[in-house]
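As a plain string of letters, each chain reads:
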Amino acid sequence: MFTKNKPVVQSASIGAENTYTSALQLDTGDAASILAIVPAAFTGTLRLERSFDEVNYYPLTYVNGTKITWAVAAAAADTVVNTSFIAEEKCFIRLGCATGAYTSGTATARIGRS
């Protein structure tokens, strides 16, 4: 199931609901960089999701249970989301817009294994 020959970078244009990057495979202790370039015209909520079977994805949360999301409303300037994630165990992650979380515009999302 887990092989290091899978891509080390996944990217996607997020311009509709239920649109995500392809899954990025991580082993225990792997670090991933998360980058989203969100143009001023984009309105929606980007979220980071994790799966242990590459089928069922769930929003990642902080320790207090709050979902890890970035809500972006149309603004005067572009927004950049730049963060990282370290896998506590083998998993797959993806970044995108869930159903009901998109309004307009197109964001560029990129996740990569460090």
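The rules we used
- Residues numbered from 1 in each chain as written.
- Predicted model: local features only at pLDDT ≥ 70, side-chain atom pairs only at ≥ 80, totals over all residues.
- Heavy atoms only, no water.
- Helix = DSSP H or I, 4+ residues; strand = E, 2+ residues; numbered from the N terminus.
- Buried < 20%, exposed > 50% of the residue type's maximum accessible area, 1.4 Å probe, protein only.
- pLDDT = per-residue confidence, 0-100.
- Polar contact = N/O pair within 3.5 Å; in protein donor to acceptor, adjacent residues only side chain to side chain.
- Contact = heavy atoms within 4.5 Å.

This part covers unusual backbone geometry. Phi at Asn 18 is positive, roughly 55°, even though this residue is not glycine. Locating Asn 18 in the fold gives a position in the loop between strand E1 (9-14) and strand E2 (19-20). The phi torsion at Glu 54 lies on the positive side, around 65°, for a residue other than glycine. Along the chain, Glu 54 falls in the loop between strand E5 (43-51) and strand E6 (58-59). Residue Glu 54 is classed as partly exposed on the basis of its relative accessible area, which comes to 34%.

A word on the confidence of the model for the protein chain. Looking at the protein chain, the pLDDT average stands at 88 and 93% of residues meet or exceed 70. The weakest mean pLDDT in the protein chain belongs to strand E7 (residues 69-72) at 86; the strongest belongs to E2 at 96.

A few words now on the side chain of Ser 51. If you trace the backbone, Ser 51 turns up in strand E5. Accessibility expressed as a relative area gives 1% for Ser 51, which makes it buried. In terms of polar contacts, Ser 51 uses its side chain to reach the backbone amide nitrogen of Val 55, at 3.4 Å. Setting aside anything within four residues of it in sequence, one finds Ser 51 in contact with Asn 56, Tyr 57, Cys 91 and Phe 92.

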